[in-house]
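Observations on the model geometry
Each chain, letter by letter, is given below.
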Amino acid sequence: MQSLNLDLGERSYSIHIGSNLLSQPSLILPLLTGKQVLIVSNTQVAPLYLEQLSSSLSQAKPDLNVQTCILPDGEAYKTLATLEKIWDKLLNEGFNRKATLIALGGGVVGDMTGFAAACYQRGINFIQIPTTLLSQVDSSVGGKTGVNHPLGKNMLGAFWQPSLVLADTQVLKTLPSRELAAGIAEIIKYGLLGDLVFLEWLENNMAGLIKGDSQLLAEAIARSCQSKADIVAEDEREGGKRALLNLGHTFGHAIETEMGYGQWLHGEAVACGMWLAADLSRRLGWLTLAEVERVEKILLAANLPVKPPEEMTLASFLKHMAVDKKNIDGQLRLILLKQLGQAELVEFNKLPLLEECITDALT
Ligand code: NAD
Ligand code: MG
């Protein structure tokens, strides 16, 4: 098992990465604030892993009151209405301010459970047990929680840090390969935005990663979490550096929004977005053509798309990019690459260059 620490003063926490962590209650018990525990999962993940987790906790500490709440599966249910099910359960069971919520699932379950914890009696303890690769390397770390509004993704939420993150590589065995690749997109992102050595390691190990090699995945998860932890420790509430984590995301959100959520997975849209960001960086003279091809090669090796979907047009890209919530006062802000392994937040004014970049990608 590898352990990292996210240093946020009194809100600091550990991130453990390894195999079979679900059945190691000794990792979880010290972090419980009381005897009441609600495990939140969904209809997909619960039949696979809920029993293992809840019975190991109950056996290790028989006086715990372990309850479960199983949500419907999917981004479409990441809503305020679904959150009410969690709060209903907490209130019906008489859970108090010392209760702990445990999120057992992908990013959707994690974001909702975290937000439920942030709001319940003005904030209770919560633990993240992410079960997708994407949630293990991204959403479970850093304390962004929330739900979607019909008019915008993740528009309602709070910063609320977990007290522990357990990334169990064993659970990735049941993850569909497309979801695995989507997680790898976010892993490649850490290399591109800040760590050329890691990018090279990924290039050398991609074949094993996409086959689901547990040891390689554990290494990639640990290095990704360390990158994210370093950035979040410096900029918890995204006043500056944390925005770099959105490399590829402004383009990616445009694709997700135009296509409707679920057609393209988030990681797939981000992969294409990172390629566009690399190509736009080349047009600014920051990357060479060979470097853009290197970005393309690693994304393709991870079975990720680099070209936007055929349904997209220049107009649809521009429409959705203008409303991306990273933009303040109508100023388009993009994360671009000064070089491979070094991202930068740019106030982007060269619209013709952006239009050329998108148009060429669409043809
Ligand atoms: P997800 O939670 O929808 O999981 C993808 C699918 O895999 C679901 O059907 C899920 O039930 C299933 N699944 C989960 N674990 C499994 C397992 N071990 N075996 C088999 N199937 C499994 O999607 P995701 O990609 O994990 O997360 C996406 C969400 O995360 C989005 O809502 C996004 O907004 C959010 N997110 C949040 C942050 C953040 O900082 N909070 C960062 C990135 C993404
Ligand atoms: Mg992302």
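Residues numbered from 1 in each chain as written. Chains lettered and ligands numbered in written order. Predicted model: local features only at pLDDT ≥ 70, side-chain atom pairs only at ≥ 80, totals over all residues.

Labelled according to an unreviewed UniProt entry, the chain appears under the name 3-dehydroquinate synthase, originating from Marinospirillum insulare. The record in UniProt for the chain states the following under Function (unreviewed entry): "Catalyzes the conversion of 3-deoxy-D-arabino-heptulosonate 7-phosphate (DAHP) to dehydroquinate (DHQ)." (UniProt positions renumbered as here; feature names shortened; annotations may be inferred.)

As for the site of ligand 1
Every one of the 28 residues lining ligand 1 counts as a neighbour, but Gln44, Gly106, Gly107, Thr132 and Ser139 are closest to it. Where the shell around ligand 1 is concerned, the elements lending two or more residues are helix H4 (107-119), helix H5 (133-139) and helix H6 (177-194). Among the residues forming the shell around ligand 1, the class breakdown is 8 nonpolar, 13 polar and 7 charged. (Near = placed C-beta within 6 Å. Helix = DSSP H or I, 4+ residues; strand = E, 2+ residues; numbered from the N terminus. Nonpolar A, V, L, I, M, F, W, Y, C, P; charged D, E, K, R; others polar.)

Topic: the sheet that holds strand E6 (residues 125-130)
Spatially, E1-E2-E9-E6-E5-E3-E4 is the arrangement adopted by the 7 strands of the open sheet, whose pairing is mixed. Since the sheet does not close on itself, it has two edges, and those belong to strand E1 (2-6) and strand E4 (65-71), each with one partner. Taken pair by pair, the neighbouring strands of this sheet meet at an average axis angle of 15°, ignoring direction. Summarising the sheet, strand E2 (residues 13-18) and strand E9 (residues 164-168) pair through 5 bridges and their orientation is parallel. By the bridge assignment for E9, isoleucine 17 is matched with alanine 167. Taken strand by strand, helix H2 (residues 46-60) contacts strand E3 (36-42), E4 and strand E5 (100-105), and its axis lies near 170° from that of E3. (Pairing = 2+ DSSP bridges. Axes fitted to C-alpha atoms, helices over the stretch in contact; angles between N-to-C directions. Contact = placed C-beta atoms within 7 Å.)

Regarding the pairing of strand E11 (residues 342-347)
In this structure, strand E10 (residues 333-339) lies alongside E11, joined through 6 bridges in antiparallel fashion. Paired with leucine 337 across the strands is alanine 343, a residue of E11. Following E10, the chain reverses through 2 residues before pairing antiparallel with E11; glycine 341 in that reversal takes a positive phi of roughly 90°.

Some words on the environment of isoleucine 102
Here isoleucine 102 lies in strand E5. In this structure isoleucine 102 touches Val37, Ile39, Val40, Ile127 and Ile129, once residues within four positions along its chain are discounted.

Structural notes on the confidence of the model for the chain
The pLDDT averaged across the chain works out to 96; a share of 98% of its residues lies at or above 70. The ipTM value of the predicted complex is 0.99, and its pTM value is 0.96. (pLDDT = per-residue confidence, 0-100.)

Observations concerning the environment of glutamine 215
Looking at the element boundaries, glutamine 215 is found in helix H8 (residues 214-234). Residue glutamine 215 is classed as exposed on the basis of its 11 C-beta neighbours within 10 Å. In sequence terms glutamine 215 and glycine 18 are 197 residues apart; their C-alpha atoms lie 8.6 Å from each other. (Buried ≥ 20, exposed ≤ 12 C-beta atoms within 10 Å, placed from the backbone.)

What about the nonpolar core?
With 115 residues, the main nonpolar core has Val40, Leu104, Leu192 and Ala277 as its most contacted residues. Once residues lying within four places of it in the same chain are set aside, the contact partners of leucine 104 are Ile39, Val40, Ser41, Val45, Tyr49, Leu50, Leu53, Val109, Ile129 and Thr131. (Core = buried A, V, L, I, M, F, W, Y, C linked by C-beta atoms within 7 Å.)

With respect to the pairing of E3
Burial of E3 is extensive: 7 of the 7 residues sit out of reach of the surface. Residues Gln36, Leu38, Val40 and Asn42 line one face of E3 and the alternating positions Val37, Ile39 and Ser41 line the opposite face, and both faces are buried. Pairing analysis gives 7 bridges linking E3 to E4, with the strands arranged parallel. Within E4, the position partnered with valine 40 by the bridge is cysteine 69. Each parallel crossover has a hand, and the one from E3 via H2 to E4 is right-handed. Pairing of E3 with E5 involves 4 bridges; the strand directions are parallel. By the bridge assignment, valine 40 is partnered in E5 with alanine 103. (Right-handed = clockwise from strand over helix to strand, strands pointing away.)

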